[in-house]
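# Coordinate analysis (summary)
Each chain, letter by letter, is given below.
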Amino acid sequence: MLANPSSLNSLVTVSSLLETWTEFLALDVAAGDAAQDTADTYRRQLRLFLSWCDCASPQINPTSATKEDIKRYRRFLVDDRSLKPATVALKLSVVRRFYDAAVEKGLILTNPALSIKPPREKRDAAEKVTYLEKSEVEKLLAAIKSDGSVKALRDKALLAIMALEGPRTVEMHRANIADLVQQGNNLGIRVEGKGSIRIVPLTPDIAIALMNYLEARKAIEVLAPSSPLFVAVGYRAGGRRISRRGIRKVVDGYLKEAGLKHSPGRTISTHSLRHTAGTLALRAGAELRQVQDLLGHKDPRTTSIYTHVAERWANNPALKLGITIGPL
């Protein structure tokens, strides 16, 4: 093993680092309450780093990695993988926490990834916000058949919740029947995402759509508190919790059917439905704090991006000039 000031002794091995990492995932991520998919993401990102170390030229021993090595890894992510700054930031943060765990355990003295930052985001933050107009949301929902099938009822409730209430895909994936919350005549869904729990209040018509879907399921299965709120349908996975990929497939299918998936200068994704809820709510007059609570943003500056998006076109200073460009 190569000698390095960051290593305490020659007994430190990759296996010992991984043992510490496993303990860290169980005890420290999300204060010891990390969701399974979160832990899986951490493991997947770390495997990428370790694989890169093994294939690097010259080969890198993770137990003696230096700051320069982590910079080389960052260059690999940017040049070879062509990843966006936000994605690079995620991967670097996992590497940093990997070495944080090793330092805390006393396996190494310093964290080589401690001060390595991701590239700056060069795009306007608001540029990343893609959303549907009100008429387009109505067109999207109209693309769903009204045949009373479990699939159609599920899709109507799912898309309506995502486009109008703005929950994250992972929050819909994780939700169980027990997460339904009724207060008086009002129905909501308790969701968990980004380390916090909140209640998403449903509009009366969305609540009816959701209950219609659950009633249809009761005819073919026994619903328990631990049952998934949204399930896959079909011969292979019917009745199982719908995956995040499954949700994206459902949304993309209807976007394409409604002719909304791609247009010049815009591509709509599942996450765009969350942007849609935030943008249209602020444009309709909702207060910033209300939308922040609805979407579960910790920082109001995140929500304020939707304000900028909503106002950019309507308040374009050029509109106030009163100048026309002539015959078109």
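Everything that follows concerns the structure shown earlier in this document.
All values reported here derive from a predicted model rather than from experimental measurement. (Residues numbered from 1 in each chain as written. Predicted model: local features only at pLDDT ≥ 70, side-chain atom pairs only at ≥ 80, totals over all residues. Heavy atoms only, no water.)

The full count for this structure, using the stated rule, is 17 salt bridges. Across the pair Lys 105 and Glu 23 runs a salt bridge, and its minimum N-O distance is 3.3 Å. Of this pair, Lys 105 sits in helix H4 (residues 85-105) while Glu 23 sits in helix H1 (residues 14-27); the two residues are 82 residues apart in sequence, bridging distant segments of the chain. Between Asp 155 and Lys 151 there is a salt bridge, with its nearest N and O atoms 2.7 Å apart. With a gap of four residues between them, Asp 155 and Lys 151 both fall in helix H6 (residues 150-165), about one helical turn apart. Residue classification places Asp 155 among the buried positions, given a relative accessible area of 0%. Several salt bridges converge on common partners, so that one network encompasses Lys 151, Arg 154 and Asp 155. (Salt bridge = Lys/Arg side-chain N within 4 Å of Asp/Glu carboxyl O. Helix = DSSP H or I, 4+ residues; strand = E, 2+ residues; numbered from the N terminus. Buried < 20%, exposed > 50% of the residue type's maximum accessible area, 1.4 Å probe, protein only.)

Another aspect to go through is the nonpolar core. One finds Leu 159, Met 172, Ile 189, Leu 202, Leu 210 and Phe 230 to be the most contacted residues of the largest nonpolar core, which totals 45 residues. Elements supplying a minimum of two residues to this core: helix H5 (134-142), H6, strand S2 (186-193), helix H8 (204-218), helix H9 (244-257) and helix H10 (270-283). At nine residues, H6 tops the list of elements feeding residues into this core. Not counting the four nearest positions on each side in its chain, Ile 189 is found in contact with Ile 161, Met 172, Ala 175, Asp 179, Leu 180, Arg 198, Ile 199, Val 200, Leu 202, Leu 210 and Leu 229. In terms of nonpolar packing, the next biggest core, distinct from the first, is built from 32 residues, Trp 21, Ile 70, Phe 98 and Leu 107 among them. (Core = buried A, V, L, I, M, F, W, Y, C linked by side-chain atoms within 4.5 Å. Contact = heavy atoms within 4.5 Å.)

Glancing now at the packing of helix H3 (residues 67-80) against H4. Running from amino to carboxyl end, H3 crosses H4 at an angle of 155°, the nearest separation of the two axes being 10 Å. By the angle class used here, H3 and H4 are roughly antiparallel. Classified by chirality, the crossing of H4 by H3 is right-handed. On H4, the residues that touch Ile 70, Tyr 73, Arg 74, Leu 77 and Val 78 of H3 are Val 88, Lys 91, Leu 92, Val 95 and Tyr 99. Its residues placed into classes, the contact of H3 with H4 shows eight nonpolar, no polar and two charged. (Axes fitted to C-alpha atoms, helices over the stretch in contact; angles between N-to-C directions. Parallel < 35°, antiparallel > 145°, perpendicular 65-115°, else oblique. Left-handed = near helix turned anticlockwise from the far one by under 90°. Nonpolar A, V, L, I, M, F, W, Y, C, P; charged D, E, K, R; others polar.)

What follows concerns H8. Between the first and last C-alpha of H8 there are 21 Å, a value that for 15 residues agrees with the 21 Å anticipated at 1.5 Å per step. Those residues of H8 not exposed but buried are Ile 206, Ala 207, Ala 209, Leu 210, Tyr 213, Leu 214, Ala 216 and Arg 217. Turning to H8, the residues buried within the fold contact H6, strand S1 (180-183) and S2. (Expected span 1.5 Å × (residues − 1).)

As for its position among the elements, Ala 209 is in helix H8. Residue classification places Ala 209 among the buried residues on the basis of a relative accessible area of 14%. Between the C-alpha atom of Ala 209 and that of Leu 158, which follows or precedes it by 51 residues, the distance is 9.0 Å. Setting aside residues no more than four positions away along its own chain, Ala 209 makes contact with Leu 153, Lys 156 and Ala 157.

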